[in-house]
Each structure stands twice: as C-alpha cells, then as structure tokens.
Amino acid sequence: MKNQHLKQSVLTAGVIAGAAFFGGGWQEAHADTVKNSTAQITTTNPNAATSTTDAQCAVASAQAAVSRAQQKVDSASAAVASASAAVNSATAAQSSAASAASVAQSNYAIASAVAQSQMPSSAEQAAALNGSTIDIKNANLNMFDNSSSDASANVKNQIGEVNVTENWHFNQATQKYEMDPSLKDALTVVPTLDDESMTLDPTKLTQAQQSEISDYVAALINQIRAKFGLTAWIYNDMTLAQALAIVNYAYNSQNWNTSIKLQEIIAQNKAIEAKNKTAKADEQEPLIDRTDAHDLDKVFDNVEYQYNDTSDKVKASWENIGIISDKNPNIASTLIKTMGDLKRVATVSIWDMLFNDAHSQNSHARMLLSTNTEYVGVAMDNYGVLHIYGLIPSAMQKVNETQTALANANKDVETQKGNLSNAEKELNDAVDALNKAQDALEKANLLMAIEAVAKDANQTSSSQSNDSNTKTSSSKSNKQSSLKDVTVKATSEPTKVSQAKHGDSQLLSTSNAITTAEPSIFERLLPQTGNRNGLGMTILGMLMGMMSFGFLGLRKRRY
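All of these numbers come straight from a predicted model, not from anything done at the bench.

This part is about the overall build of the protein chain. For the protein chain, the count of helices and strands is 17 helices and 8 strands. Counting the 559 residues in the protein chain, one finds 46% classified as buried. When contacts within the protein chain are restricted to residue pairs at least 6 apart in sequence, long-range pairs at least 24 apart make up 80% of them. Accessible surface for the protein chain amounts to roughly 27500 Å². Of this, 51% is attributable to carbon and sulfur atoms.

Listed below in structure tokens is the structure:
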C-alpha cells in the first residue's frame, strides 16, 4: 500500500510539474486548483513547503554514507582478491609439497631396499654370534609388558633392580672378565679360539675389529628382539660408517670420556645430597641427570660420513652407552685384552641395559626394544666405550622433512581458505551496508524532489493569486527555469530510486498528503470547453510526469 501511495504521489508531482511548465494557459485558468492543492499538501505536511535545505542535507549525508560504504566494499573486494590469491598460492605449495613427499618416499624405499639387501643373512648373523645365546626364559619376563608410557616400548616404566648391583666384575685370580653367576643360566657367550687369541687395545680398534664387534652386537640385539617378537634392525657396513662418524664427531674430537663424566656427575650429586640434608625444602637443589654423561649437545647433530667414496649425512635418534664404570674410568683397558673379552663385556652390557636399568627409568631397555627404529649402528670410541645408535639416514630424514612440510602446507591451505571465507563474509556485509546506504540516499533524493515540487507549486499558486492577469516574460522565464531544476532533481538520479518502496515517515507523510489532494486536482485537470491548447499542454504534462515516474521506478540495482 505504501508503494502505491508513493507511485501516485510521484505521478501527481510529475503532472503538476508538467502542467505548470507546459500549460501556462491552464495554470492561469485553474490557479485556484493549484493553490488549493498546494495548500492541502502544506497543511498535511508543513515541511513540504519549507526550504529544501533539510532535504539537501539529508541527501548530502546519505551520499557521504554511500561513499564510505563503497570504500569498504572496495577494500573488502581487494581483501577477497588477496585472500583468493593466497589460497591459490597455498594450494600450489601444497601440490609441490605432496610431490616432494612422494619423491622422498620413493627414494627412501629404494635406499631401504638396497640397505636391506646388504644386511648380513640370518646364517651370517648366527655365525657372528659364535654360539652366544640370550635365554629369556630364565630372565624376569614378568617385568616386561606393553604398559609403558612410551608407545614404542615393550617394557614397564619401572622394571626394578635385579639382585645384583653389577652384572660383571674382574676376576683377580684369572685376570679375566667374568659375568655375575646369577646371569650365567640366562646368558652364554662362547667365543671362538680366534676370538680368544686375537689380542687388541679397546681404545685403538682397527677397522676390521670395529666391523667385527659391530656385527656381533647388532646380531645380538636382533636375537633379543626376535625372542620378543620384534622385527630385526638393519645393519651393515654403511651403518658402521655412520656410527663411527657420530662417535668421532661427538666424543673422540671432543676428548669426551664418558666414564670420567659419569664419575663427575656422581661426585656432584653426592655433594648436592649432603647439602640438601640441611637445606630447607624450597632451597634444595635437584640432582644432575646421569644422561649428562652423554655429549647431548653434539650426539644428535646431523653428521657427515663417508661410505663407498660418497659423502652423505646421518642423525642419531637415540644413543645407548655400554662398557663404562663410575669407579674406574679406564675399565675397558683393564678388563679387555682380547676379542673374546670384548664380546663378553659387550654382551653383559646389553643384558645390563635390559634388566638392570631402573636408575635410568629403563630408557636403555625401551630403546633396544623400540618399534620406531629401522637402522642400528654400533661403534667403539677412543676410550673403549661402546655406543649403540638408532640411525636416521638422509633418505629417511628427507621423508620426515617432506612429510612435515606437507603437513604444514595442508594446514596453510586450510588457514588461507578460512581467511578467504572471512574476507568473503566481510565483503558480503560491506555490500549489504552499501545497499542500505544507497536505499537511504534514494529515499533522500526522492523526498527532496517531492518537497521541491510541492514548494514550487505553492510559490507559483501564491504568485498567481496575487496577480492572475499579469505576468512578465522575465518572471515566467524564472518560473520555467526553477521548474526545470525541480524536474532535473527528480530525475537526475534514476539509478538510485528503485528501493524507495521502503520509504520513511517523512516521505510517507508527503505521499499521503499528495494522494489526499489528488481527487480535487484530477477534477480540475479536465480541459474546459474550447480550451484545446490547455488540453494539449495538460496531456504533455501528464506524459512528462509519467516519464519522471518511469525513470524513478525502473532503475536496476548496481549490486
């Protein structure tokens, strides 16, 4: 209904404007009609006959709001374009990362197959052990299960101490190393005659001796893992080269004697314990971790190694250390004189890591029985200390790196998509705000045009009632110019009036006033007998009014 009133009001305003401009004779003959109609409008809505300054201010304010809203739309559009470009860029990076991960995985599969093919056969591993066996049936198997907090471990967090504090000792009578009797039933080492006759210095092993003890310890670990139903680790000459490179880098070049470091830690902890006995609870110092005996600053670095005349890199994922003593830093030189001695000591060290490791929260056992290691490397340092490493070859490192990069790329794509979604929402909100601002401008323009028509009609009617018989060409020219300006105001913004149907209280009041005045106006619009010119001008005026209404009502929205 409001829209119908508005259409009728605009049509009437156009008729009045057209009749006033083209039907001078009709206006002179019907001055009373214009006067009465205008008077009715101004009586119903006094603002319609006042200065258009208020309406012009409303238009200016609405235009400023439209300008601000348009700026926000432009800014939001740019943000959407930028966010869309970021999504495309992230998607491209994701595709590249996926491709790199696929290539790395393929290369690793090839390298792993080659390494597996170079691993000693089961028969060769058995021969390397020389009859050594680990009989876990006689071990404390109830200490092992799958309840460890370490998901890759097969042992409890706390295995507990065995009935001996040390599982090996030096027999003064025989001057040979002997294992604790409590372990003899579970551990048997039968070195060959060659082992017993091969003398050596454990601090200066030859490459061949390094290779033999490496194969022996790796085969022994695989034998233990097999008894626990775990897969065998890969070891070969390449893993030996990798382990030696780490040992040289982290220990030999640093003059790092693990036994001496352990002695220092024990001495410092004794001093701390003595001090803590007299100190308040909140002033007590924590004990130094025994893992500080490892060169933690370097042992996990990426280390370069040489193998088959080629250079590559490797990292250690974990390290176990054996053949050390917190009482004698030169224990290896004291106990080990032959390859047989070395193999016996190494075997008991492995056994000690499994069943006498409560002081280390069984970390050594968890490493030896872990399921997230594929390669193992074994090497002796220049102090006769045994080092066992879980290894990450460069091909595996590349897989890890590319998988991480792919995961980050996937995350970035989702982030950029989220940014784009937010930008699109902001753009939609900005467009909605612009539409509302344009609606307000359209209403303000239409209100100003209607008020201008009503005011001009009021002024013309007043002038004609004072002097209906005389009119100078100059005043008529001014009137025509004014009415032309009104017509331009009412039609100059045809693209901003389509939403006028929403209206506002002032516009509706004016519309109702014009609608109420229409019956008396239209009764007098019919031409008088003999007034053909008035009829023609009236028709032209009505046509112009209809055209004005058409321009105002048929605009297409920009957005």
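The discussion continues.
This brings us to unusual backbone geometry. The backbone phi angle of N308 is positive, close to 55 degrees, even though this residue is not glycine. Within the secondary structure, N308 sits in the loop between β5 (303–307) and β6 (310–322). For D309, which is not glycine, the phi torsion reads 65 degrees and is therefore positive. Within the secondary structure, D309 sits in the loop between β5 and β6.

Core analysis: the largest hydrophobic core is formed by 68 residues, its most contacted members being V217, L342, I350, I388 and Y389. Considering each element in turn, this core owes the most residues, 10 residues, to helix α8 (residues 237–252). In this view, L342 contacts L200, L205, I213, I323, I336 and M380; residues no more than four positions away in its chain are not counted.

Turning to its location among the elements, T203 is positioned in the loop between α6 (193–197) and α7 (207–227). T203 sits in the buried class, given a relative accessible area of 18%. Here D201 takes part through its side chain, which lies 2.8 Å from a polar atom of the side chain of T203.

Burial in helix α5 (residues 122–129) covers these residues: Q125, A128 and L129. Taken end-on, α5 shows its buried residues confined to a sector of 100 degrees, consistent with a single buried face. A positive phi of about 55 degrees marks N130, the residue just after α5.

Within the secondary structure, L434 sits in helix α14 (residues 394–466). In this structure L434 comes out as buried when scored by relative accessible area, which is 0%. Note: C-alpha distance between L434 and A69 (365 residues apart in sequence) is 4.8 Å.

Attention now moves to the pairing of β6. Examined bridge by bridge, β5 and β6 share 5 bridges and lie antiparallel to one another. Within β6, the position partnered with Q306 by the bridge is S311. Turn length for the β5-β6 hairpin, with the two strands adjacent in sequence and antiparallel, is 2 residues, and the turn residue N308 shows positive phi of about 55 degrees.

Across the protein chain, pLDDT averages 74, with 62% of residues at or above 70. In the predicted structure, residues 510–544 sits below a pLDDT of 50 and forms 53 contacts with residues beyond four places in sequence or in another chain.

Let's shift gears to the pattern of salt bridges. In total, this model carries 6 salt bridges according to the counting rule given. The salt bridge involving E285 is made with K275; its shortest N-O contact spans 2.9 Å. Taken together, the residues span a long stretch of sequence, with E285 in the loop between α9 (258–278) and α10 (296–299) and K275 in helix α9 at a distance of 10 residues. The class for K275 is partly exposed, based on a relative accessible area of 48%. Taken together, the shared-partner salt bridges in this structure form one network comprising D195, E212 and K343.

Further remarks concern the side chain of D295. Here D295 shows up in the loop between α9 and α10. Buried charge D295 goes without a salt bridge, the closest partner of opposite sign being K298 at 6.3 Å.

This part covers the pairing of strand β7 (residues 375–380). Summarising burial for β7: 6 of the 6 residues are buried, a large majority. With burial as the criterion, each face of β7 is covered, one bearing Y375, G377 and A379 and the other bearing V376, V378 and M380. Direction of pairing for β7 relative to strand β8 (residues 386–393): antiparallel, over a ladder of 6 bridges. Residue pairing in the sheet places M380 in a bridge with L386 of β8.

How each quantity is defined
- Residues numbered from 1 in each chain as written.
- Predicted model: local features only at pLDDT ≥ 70, side-chain atom pairs only at ≥ 80, totals over all residues.
- Heavy atoms only, no water.
- Helix = DSSP H or I, 4+ residues; strand = E, 2+ residues; numbered from the N terminus.
- Buried < 20%, exposed > 50% of the residue type's maximum accessible area, 1.4 Å probe, protein only.
- Contact = heavy atoms within 4.5 Å.
- Areas by Shrake-Rupley, 256 points an atom, 1.4 Å probe, with all protein chains shown as cover.
- Core = buried A, V, L, I, M, F, W, Y, C linked by side-chain atoms within 4.5 Å.
- Polar contact = N/O pair within 3.5 Å; in protein donor to acceptor, adjacent residues only side chain to side chain.
- Arc of directions from axis to C-beta.
- Pairing = 2+ DSSP bridges.
- pLDDT = per-residue confidence, 0-100.
- Salt bridge = Lys/Arg side-chain N within 4 Å of Asp/Glu carboxyl O.
- Lys, Arg positive; Asp, Glu negative; His and termini not counted.

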